[in-house]
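Next come the chains, spelled out residue by residue.
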Amino acid sequence: MEFSIDRGEFTQALALTQGIVERRNTMPILANVLLEAGEDVSIAATDLEIHIKRRCGAKVAQPGSATVPARKFYELVRELRPGEVTIRSLENHFVEVVSGRSRVRLVGLPADEFPLFPQSDQGSGDSFGMDVELLAGMIDRTVFAVSTDDTRAHLSGVFLTGGSGSLRFVGTDGHRLALVDQPVKGAKPPAKGIILPRKGLAELRRLIEGRDGNATLRIGANVVRVELADVALIMRLIDGEFPNYEQVIPSSVKFRVSVPKDDLLSALKRVSVVASDRSRGVRFQVTSGQLTVSASSPDFGEASEEVEVSYDGDDLTVGFNSRYLTDVLAVLPDGPRVEIGLIDDVSPGVIRSENDETYNYIVMPMRL
Amino acid sequence: MSSGRVILHADMDAFYASVEQRDRPELRGRPVVVGGSPPRGVVSAASYEARRYGVHSAMPSIQAQKLCPEAVFLPGDMKRYGRESRRIRDVFDEFSPDVEPLSLDEAFIDVTRSMRALGGTPLEIGRRLKARVREQTDLVVSVGIAPVKMVAKIASDLSKPDGLLEVPEDGVREFLGPLPLSRLWGVGAVTFERLQRRGLATIGDLAAIEEHRVPPELEALWTLARGLDARHVEPDRDARSYGEENTFAEDVADVERLCDVIGQHAEAVARRLRRDGVVGGVVRLKVKSTEKLAQPGKYRSYSRQATLPTPTDDGATLARVACLLMRRGDLPLPVRLVGVTAAGIRSADRARGEQLSIFVPPRHRELNAALDRIADRFGSEAIHRGAGASNARKASLTSQIKRGE
């Protein structure tokens, strides 16, 4: 294998693989990236759950493949002088990197030990295209609510479902739940739904950052393949049953409070400073026309702030984890006002941007 | 420096065996051994008659049988002992709010704060405690009194049977001095050997080292040896863990079957958590492998633990996490013993600030309450949650259920 490539483009391409490369070192080959030279050059990395392959334009002198340690290789390429770099495989899996007057030989591993890139037609799943910005928005509005608790695998990913021409993402950690619906032309998500792992979505989100255009999603039996212009990412689906989320979404709420979003967010940020570190609990007291946000802890002190709201229902007091609220306020669709739907102090609250029904956030209270 | 603390260590004499002898007059005066049956069982308690033959607790039952063939072997009745334990506990509570139970039959009682209300000298309080326990239960307790927990425990132990021994603050070093180092908390076989190699044989030898010459790795032991241990009596609500375990009659390699048993243990642990009004934030799984250790009759144990996002008293949650640890596949199979422990215990009524769950309807709580009522009336054998319980019966548990850790 031998090819020459622009150092700048190559550095960028290698950067994409860094998040996936196995840190735990269970299989040495997973610490490496696979370089394949054919018509162009591709770089592949995997942790067996997520596979990523990035294609780059290059001058290929000798087709072939090789693997090199991902981190060392990236560190090296990043430090090379701008201009062209030549990479060739040598005997005993050594890989030589030549740029200007520097010459580096890296220890590699046999390319045929590298795990195969899963084939996309697995499960002959449907494929459909969607705008990457829309995809990014759906990820951003759900993935933050996903559980980070490894003992609850079925909650550690975003549930993807929907109907013909519409796509739904649901993320939950058992305390709050974020649900977003978007029309996507030609979308054919599996009716029974699939669970996309948190880490895979985070990598995907990194890939599409700052891009525009379309992404193609192909849903197989065990994997989802996402194809962008020059990158393909495959993630293994989480095997598990997503909880019956529809059942916990209140069909109607008793009280509706309409709050200016920025006022609420800044009040929460100030008041939660004195909330206990463990629970981060804040108290919502709604009375006619007014919401009082307060918190106190024996260790830090107490705080309260009044926010003007439109509300004319009964008085109600309910506790929430402030982080669960600031999390969602940061990703709510644009719009100056937030609607908070409440039932009582032990039933789920529903938060959404006023006049936007595509995004709903359900949050369970905290006992006061 | 005077700590002024008065700590009692109360330890029932041959508890299980004494309960049996009290309730069955024909056993009085005879050697009685309570524990798992041979070949796998272990002695939980031996009456003083049996101890004369060299039988002691934690000894394999098969060995006890050889030492004392005429002993009466009983499987034990944990339910009855548990009931008795609560009666004893009620007596302890009369003497102080600061009671730290160590097991069913043993507790630290810090009477420092209640001295004035109780009146009398520490020794008189100890005597009254013994009398009250006998009055209420017709059982005998030995009591050690000292300003330090470890010393109180050693004192009760040395005073047995039917003992009462006070080690006053200025007598602690003299009391500990001649005792072997193995009496110190935290000195196991390995440390003991290491200390011996340094030429130390007694607690006094260690305590005699001048402060500035104590090697850093011995500091903690040296503090104990001088009787300066400042550990407080930790009342019940902060008891560190609730555990249930069993030794199988035959080694078990089937993970599904182990998970069934884990589920039962988890339910039993959860029931005790609810009874005491506490929740646990850490789930610990313990297995004993078939790998023999150098010491005869000992096997290598492994434990794995996980921290819960929210502390719980729900058996299904404890079981789910413990089974997950089991299924992770990094524990050796087959196993001789499996146990589930809830740690990170705190009071459940600190539910203030409890984050409610979306998918756990309040009904779940009601279900647990109903399970508790049934278990109270018919015993915990009467009820198993959900599917898979049939296997559990086949697990033929030897009745070696260890409580309280």
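Quick look at the structure, then.

About the thresholds
- Residues numbered from 1 in each chain as written.
- Chains lettered and ligands numbered in written order.
- Predicted model: local features only at pLDDT ≥ 70, side-chain atom pairs only at ≥ 80, totals over all residues.
- Heavy atoms only, no water.
- Core = buried A, V, L, I, M, F, W, Y, C linked by side-chain atoms within 4.5 Å.
- Buried < 20%, exposed > 50% of the residue type's maximum accessible area, 1.4 Å probe, protein only.
- Contact = heavy atoms within 4.5 Å.
- Phe/Tyr/Trp six-rings, centres within 6.5 Å; stacked < 30°, edge-to-face > 60°.
- Lys NZ or Arg CZ within 6 Å of the ring centre and 35° of its normal.
- Buried area = accessible area lost by both parts, 1.4 Å probe.
- Salt bridge = Lys/Arg side-chain N within 4 Å of Asp/Glu carboxyl O.
- Polar contact = N/O pair within 3.5 Å; in protein donor to acceptor, adjacent residues only side chain to side chain.
- Nonpolar A, V, L, I, M, F, W, Y, C, P; charged D, E, K, R; others polar.
- Helix = DSSP H or I, 4+ residues; strand = E, 2+ residues; numbered from the N terminus.
- Pairing = 2+ DSSP bridges.
- Axes fitted to C-alpha atoms, helices over the stretch in contact; angles between N-to-C directions.
- Left-handed = near helix turned anticlockwise from the far one by under 90°.

**Examining the nonpolar core**
By size, the foremost hydrophobic cluster in this structure holds 100 residues, and its most contacted members are Phe10(A), Val33(A), Phe73(A), Ile87(A) and Phe284(A). The residues touching Phe10(A), leaving out its near neighbours within four places in the chain, are Phe3(A), Ile5(A), Leu35(A), Ile43(A), Phe73(A), Val77(A) and Ile87(A). In this structure, Ala14(B), Phe15(B), Phe92(B) and Leu139(B) belong to the second largest nonpolar core, which totals 34 residues.

**What about the packing of aromatic side chains?**
A ring pair, where both rings are aromatic, is described by two values, the distance of the centres and the angle of the planes. All names here are of chain A. One pass over the structure, following the stated rule, counts 12 aromatic pairs over all chains. Aromatic rings pair up to connect Phe3, Phe10 and Phe73 into one cluster. Residue placement shows arginine 105 over the ring face of phenylalanine 94; its charged tip is 5.6 Å from the ring centre.

**Notes on the interface of chain A and chain B**
It is common to give the size of an interface as the accessible area lost on bringing the parts into contact. Opposite the 25 residues of chain A that make contact, chain B presents 16 residues. Counting the surface lost from both chain A and chain B, the interface buries some 1800 Å², and carbon and sulfur atoms represent 59% of this. Per-residue buried area on chain A facing chain B is highest for Thr151(A), His175(A) and Arg367(A); these three make up 35% of the total on that side. In this assembly, chain A and chain B are joined by 0 salt bridges. Linking chain A with chain B are 4 residue pairs in polar contact (both at pLDDT 80 or more). Of the residues assigned to the side of chain A that touches chain B, the class counts are 11 nonpolar, 7 polar and 7 charged.

**Some thoughts on the pairing of strand 3 (residues 41-46) of chain A**
All names here are of chain A. Burial runs high along strand 3: 6 of the 6 residues are buried. Where burial is concerned, the two faces of strand 3 agree: the one with Val41, Ile43 and Ala45 and the one with Ser42, Ala44 and Thr46 are both buried. Two elements, strand 2 (residues 32-37) and strand 3, share 4 bridges in a ladder whose sense is antiparallel. From the neighbouring strand, leucine 35 faces strand 3, where its bridge partner is isoleucine 43. In sequence, strand 2 turns back onto strand 3 through a hairpin of 3 residues. Sheet topology places strand 3 next to strand 4 (residues 50-56); 6 bridges connect them, and they run antiparallel. Bridging from a neighbouring strand, serine 42 pairs with arginine 55 of strand 4.

**A short note on the sheet that holds strand 6 (residues 106-110) of chain B**
All names here are of chain B. Read across the open sheet, the 5 strands follow the order 5-6-1-7-8; overall the sheet is mixed. Of all the strands in the sheet, just strand 5 (98-103) and strand 8 (164-166) have a single pairing partner and so form its edges. Across the sheet, the axes of successive neighbouring strands diverge by a mean angle of 15°, strand direction being ignored. Those strands touched by helix 6 (residues 122-137) are strand 1 (7-12), strand 6, strand 7 (141-146) and strand 8, and its axis lies near 160° from that of strand 7. Along the sheet, helix 7 (residues 149-159) makes contact with strand 1, strand 5, strand 6, strand 7 and strand 8, crossing strand 7 at roughly 140°.

**Notes on the packing of helix 12 (residues 255-275) of chain B against helix 13 (residues 315-327) of chain B**
The relative placement of two packed helices is expressed as an angle between their axes plus a distance between the axes. Residue and element names in this part refer to chain B. Axis separation between helix 12 and helix 13 bottoms out at 8 Å; the angle between their running directions is 145°. As helix 12 runs across helix 13, the sense of the crossing is right-handed. Across the interface between the two elements, Val255, Glu256, Leu258, Cys259, Ile262, Gly263, Ala266, Glu267, Val269, Ala270, Leu273 and Arg274 of helix 12 pack against Gly315, Ala316, Leu318, Ala319, Ala322, Cys323, Met326 and Arg327 of helix 13. Among the residues making up the contact of helix 12 with helix 13, the classes are represented as 14 nonpolar, 2 polar and 4 charged.

Bear in mind that shape data such as this cannot, by itself, settle questions of function.
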